[in-house]
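Working through the structure, step by step
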Amino acid sequence: MALDIYSTTAMLQAIELMPREYSFLYDTFCADQGVVEDTKAIYDFKKGTRQMAPVVHKNTGGVLMERSGYETREIGFCTIAPERLVDLADLDKRMFGEKIMGAMTPEQRSKKILAKDLTEMRAAIQRRREWMARQVLLTGKLEVFQYVNEGREKQASLYADYGFTNKFTPTTAWDQTGAKIDDDMRSIYDMVYEGLGNMELIVMAPDVANTLLANSTFMKTMDTLNADMGEIRTKYRGQGVRFIGRNSDGVEMYSFAGKFVDDDGQVKPFLPAGTLIAGGRGVLKALHGPVTQLEGSGNSARHVTYVKKEVPKRLASEEGDAIKNRIKSCPTIIPFNVDAWVVADVT
């Protein structure tokens, strides 16, 4: 029996063979924890502390030392479900890039449209994950709104405050005379260390990177491994990412100029002007919940649950001679340790 390429099983197999779109903040700071089978993610919450052992008299016993406290919390998953409609007009007209005098049939064009729509909807889902990671990194909160009535109304659906407090503001802004950039960076490292984090990289808004490169005092402290005849050569890595080099402590520094279209329709930078994020890779956990959806029709209709990150569905409207393709995903973002990174406003 031939496999129905429009079935959920076939489209799932196709999706799992597609490479996921790379997104800098998500792929740098989020560790993929896979899919859980529950409707909520249960996690341990803690804030970093470094206890010191007590000193006792040599003829006495020890002193009880408290264990680092933590709380077990739970958070729900948000639901992301972009859709694309394919009607007769889409099948009758030439696709973008198709030969002008091509002889593609509507059936062939339908398969091409499906593949293109699946790719673009997966990319859109990944951009939402990136947005969620941005929220947690910059604010320590995850606040998600859901759209109902096919996008006509917006309601609050998920809110979590992780109690993030690791924010830094220098005494003298980095774009001002007398700024002590190298000293401020070391203060930031100390904050990461005190929060039990690892200091691996700094990701900064483009204006912050330009300020560093224009500061002659700071440039004298730069690691010259990335220099050519005394001139720093930055390396563009794509996706708005530029490797600046390593500072005097060997910490990697990146400029990130990525932007996104927010829910209000405005184009915004992922990193606001004057902002940087410092810490280690994988300070956040990305988890996904199961996807349950109705499949079949009439007496054969049933609810099916998939323990998958992204699940496709195909809906038909016989009256409108149209088909709607959808991909559903249920992610959430959780910090490993809410003090493991620092957000600084430096200009």
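Basis of the calculations
- The numbers attached to residues start from 1 for each chain and follow its sequence in the written order.
- Totals for whole chains, interfaces and linings use all residues, but because this is a predicted model, local features are given only for residues with pLDDT of at least 70 and pairs of side-chain atoms are given and counted only at 80 or more.
- Values reported for side chains reflect all heavy atoms of the structure, with hydrogen atoms and water molecules removed beforehand.
- Counting from the N terminus, the helices are DSSP H or I runs at least four residues long and the strands are E runs at least two residues long.
- By definition, residues are in contact when any of their heavy atoms lie within 4.5 Å.
- Per-residue and other accessible areas follow the Shrake-Rupley method at a 1.4 Å probe size, with only the shown protein chains counted as cover for residues.
- Residue burial is assigned from relative accessible area. The probe radius is 1.4 Å, only protein chains are included, and a residue is buried under 20% of its type maximum, exposed over 50%, and partly exposed in between.
- The definition of a polar contact used here is a pair of N or O atoms within 3.5 Å, where within protein one atom must be able to donate a hydrogen and the other to accept one, and adjacent residues in sequence count solely through side-chain atom pairs.
- A pair of strands is labelled paired if DSSP reports no fewer than 2 bridges between them.
- To get an axis, a line is fitted to the C-alpha atoms, and for a helix only the part in contact is used. The angle between two axes follows their N-to-C directions and goes from 0 to 180 degrees.
- Here, nonpolar core refers to any group of buried Ala, Val, Leu, Ile, Met, Phe, Trp, Tyr and Cys residues whose side-chain atoms link them within 4.5 Å.
- Any carboxyl oxygen of Asp or Glu within 4 Å of a side-chain nitrogen of Lys or Arg constitutes a salt bridge here.
- Helices are assigned an expected span. That span is 1.5 Å times one less than the residue count.
- Pairing of aromatic side chains here covers Phe, Tyr and the six-membered ring of Trp, requires ring centres within 6.5 Å, and sorts the geometry by plane angle: under 30 degrees stacked, over 60 edge-to-face, intermediate tilted.
- Whether a charge sits over a ring depends on NZ of Lys or CZ of Arg being within 6 Å of the ring centre and within 35 degrees of the ring normal.

For the rest of this paragraph, the subject is the overall build of the chain. When helices and strands are tallied, the chain shows 7 helices and 23 strands. The contacts in the chain between residues at least 6 apart in sequence include a share of 69% that link residues at least 24 apart. Summed over its atoms, the accessible surface of the chain is roughly 19,700 Å², and 50% of this surface lies on carbon and sulfur atoms.

Here the focus is the side chain of S329. For S329, the location among the structural elements is in the loop between β21 (322–328) and β22 (331–335). Residue classification places S329 among the buried residues on the basis of a relative accessible area of 0%. Only 3.3 Å separates the side chain of S329 from the side chain of R129, close enough to count as a polar contact. Non-local contacts of S329, meaning those with residues more than four positions away in its chain, are made with C78, T79, I80, I125, R129, H288, V291, K309 and E310.

Spatially, β1-β17-β22 is the arrangement adopted by the 3 strands of the open sheet, whose pairing is mixed. Looking at which strands have only one partner, the edges of the open sheet turn out to be β1 (30–35) and β22. Looking at each pair of strands side by side, their axes are set apart by 25 degrees on average, direction ignored. Bridging between β1 and strand β17 (residues 284–288) involves 4 bridges; their strand directions are parallel. Residue pairing across strands places C30 opposite L284, the latter belonging to β17.

The 3 strands lie next to each other as β4-β21-β20, forming an open sheet whose pairing is antiparallel. One side of each edge strand has no neighbouring strand; the edge strands of this open sheet are β4 (83–86) and β20 (311–317). Direction aside, neighbouring strands of the sheet carry axes that sit 20 degrees apart on average. Judged from the 4 bridges that link them, β4 and β21 form a sheet pairing that is antiparallel. Residue E83 lies in a different strand from β21, and its bridge partner there is R326. Most of the contacts of helix α1 (residues 8–17) go to β20, to which it runs at about 135 degrees, and overall it touches β20 and β21. The sheet strands contacting helix α4 (residues 106–139) are β4, β20 and β21, and the helix crosses β21 at an angle near 35 degrees.

Before going further, it helps to spend a moment on the environment of P331. The residue P331 is located in strand β22 in this model. The contact partners of P331, leaving out residues within four places of it in the chain, are F77, C78, I80, R129, M132, L287 and H288.

Our next topic: α1. Within the sequence span of α1, burial applies to T8, A10, M11, L12 and I15. For α1, the secondary structure elements touched by its buried residues are α4, β18 (291–295), β19 (302–306), β20 and β21.

So, on to the nonpolar core. If you look at the biggest cluster of nonpolar residues, it comprises 79 residues, and the most contacted ones within it are L276 and W341. The element contributing the most residues to this core is α4, with 10 residues. Setting aside anything within four residues of it in sequence, one finds L276 in contact with W174, I188, I202, V203, M204, V208, V342, V343, A344 and V346.

Remember that side chains alternate between the two faces of the sheet whenever the strand is regular. Burial along strand β8 (residues 201–204) is two-sided: L201 and V203 facing one way and I202 and M204 facing the other are all buried. The pairing of β8 with strand β13 (residues 252–256) spans 4 bridges and is parallel. Residue pairing for β13: I202 is matched across the bridge by M253.

Okay, the environment of F145 next. Tracing the backbone shows F145 in strand β5 (residues 141–148). F145 sits in the partly exposed class, given a relative accessible area of 36%. Along the primary structure F145 and Y159 are separated by 14 residues, whereas in three dimensions their C-alpha atoms are 8.8 Å apart.

For the structure on display, the rule yields 18 salt bridges. Across the pair E83 and R326 runs a salt bridge whose closest N-O atoms are separated by 2.7 Å. Of the two residues, E83 is situated in strand β4 and R326 in strand β21; the sequence distance between them amounts to 243 residues. As a salt-bridge pair, R129 and E310 come within 3.0 Å of each other at their nearest N and O atoms. With R129 in helix α4 and E310 in the loop between β19 and β20, this residue pair connects regions lying 181 residues apart in the sequence. Summarising the burial analysis for this pair, R129 and E310 share the class buried.

A few words now on helix α5 (residues 181–194). Over its 14 residues, α5 runs 20 Å from end to end, which matches the ideal 20 Å to within 8%, given 1.5 Å per residue. Positive phi shows up at L196, right after α5, with a value of about 65 degrees.

This part covers the packing of aromatic side chains. Under the criterion given, the structure shown has 6 aromatic pairs. Ring geometry for F24 versus F256: centroids 5.0 Å apart, planes at 50 degrees, classification tilted. With F24 in helix α2 (residues 24–29) and F256 in strand β13, this residue pair connects regions lying 232 residues apart in the sequence. F24 sits in the buried class, given a relative accessible area of 5%. Against the face of W131 rests R128, its NZ or CZ located 4.7 Å from the ring centre.

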